[in-house]
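In case you want the letters, here they are:
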Amino acid sequence: MACSNKPAGPPPPCSTDGPYTGSTPTLTAPMNARALLSDAQFSGVLATVLDNNPGMDISMASRIVVEALKFVAAAAKFPTVRIAPTREVDEGWHALILHTNLYESLTARLGRMVHHFPERPDPSRHDPDVLTRTVALIEQAGYTPDAELWVGPERPLVSVAANCSHTPVPGGCGPINPGGCATHGGGGEGE
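Residues numbered from 1 in each chain as written. Predicted model: local features only at pLDDT ≥ 70, side-chain atom pairs only at ≥ 80, totals over all residues. Heavy atoms only, no water.

Caption draft 1: Structural context of the packing of helix H1 (residues 39-52) against helix H3 (residues 87-98). At their nearest, the axes of H1 and H3 sit 9 Å apart, and the two run at 120° to each other. Of the possible angle classes, the one that applies to H1 and H3 is oblique. Read as a crossing pair, H1 and H3 show a hand that is right-handed. Along its contact with H1, which presents Val-45, Thr-48, Val-49 and Asn-52, the element H3 presents Glu-91, Gly-92, Ala-95, Leu-96 and Leu-98. (Axes fitted to C-alpha atoms, helices over the stretch in contact; angles between N-to-C directions. Helix = DSSP H or I, 4+ residues; strand = E, 2+ residues; numbered from the N terminus. Parallel < 35°, antiparallel > 145°, perpendicular 65-115°, else oblique. Left-handed = near helix turned anticlockwise from the far one by under 90°. Contact = heavy atoms within 4.5 Å.)

Right, here's the structure in full:
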């Protein structure tokens, strides 16, 4: 499926045009992604990560959930830009999604549903530019990424249960919804 680039209006669903400029903006004060959930909500999601990853340190699981919140916030804010989580961050995203009512409420507050379209991992499809762009958009959304959790699959910080990846495939349109043209933001033609 090909994506057109119309000159007027918002960028098309598959566009990599938009806020990402390849540089990091200067922020005055980073936003607190942890504040997106109440203590009880955060504890529930954290427990899901811990249940799915026996032996994981609670502080690592907490970092993973916070990064997933930052990722979802950036995906909601920049729905037409191709971004993807690392496997570690994806673990937190999966845990958020499992709490369906919480996730629906969170994404509504962020302005749009952020859908998840998993695919089996394939290291040959890894595109480091997608991670660079993702980190830059998290920063543009007002958050400070935890750099240790935003590295490629060749340097994982911790082993996680999440077993899917979000990478472009030949003929695909975006890392989160390959081939469908609407990336992660929802409301597009490819849903």
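Caption draft 2: Molecular detail of the nonpolar core. Core analysis: the biggest nonpolar cluster contains 40 residues, and Leu-69, Val-72 and Leu-96 have the highest contact counts within it. Of all elements in the fold, only H1, helix H2 (58-77), H3, helix H4 (100-110) and helix H5 (128-140) reach the threshold of two or more residues within this core. Here the element with the most residues in this core is H2; it accounts for 13 residues. Ignoring any residue separated from it by four or fewer positions in sequence, one finds Val-72 in contact with Trp-93, Leu-96, Tyr-103, Leu-106, Thr-107, Leu-110 and Val-114. (Core = buried A, V, L, I, M, F, W, Y, C linked by side-chain atoms within 4.5 Å. Buried < 20%, exposed > 50% of the residue type's maximum accessible area, 1.4 Å probe, protein only.)

Caption draft 3: Representation of the environment of Phe-71 within the structure. Following the sequence through the fold, Phe-71 ends up in helix H2. Classification of Phe-71 by relative accessible area gives buried; the value is 0%. The sequence separation of Phe-71 and Val-114 amounts to 43 residues, and the corresponding C-alpha distance is 9.9 Å.

Caption draft 4: The packing of aromatic side chains, seen in detail. A full pass over the atoms with the stated rule returns 2 aromatic pairs. Ring centres of Phe-71 and Trp-150 lie 6.4 Å apart, and the angle between their planes is 35°; on these two criteria the pair is classed as tilted. Taken as a pair, Phe-71 in helix H2 and Trp-150 in the segment after H5 lie far apart in primary sequence, 79 residues in all. With a relative accessible area of 8%, Trp-150 lands in the buried category. Clustering of aromatic rings is evident, with ring pairs tying together Phe-71, Trp-93 and Trp-150. Between the NZ or CZ atom of Arg-34 and the centre of the ring of Phe-42, over which it lies, the distance is 4.1 Å. (Phe/Tyr/Trp six-rings, centres within 6.5 Å; stacked < 30°, edge-to-face > 60°. Lys NZ or Arg CZ within 6 Å of the ring centre and 35° of its normal.)

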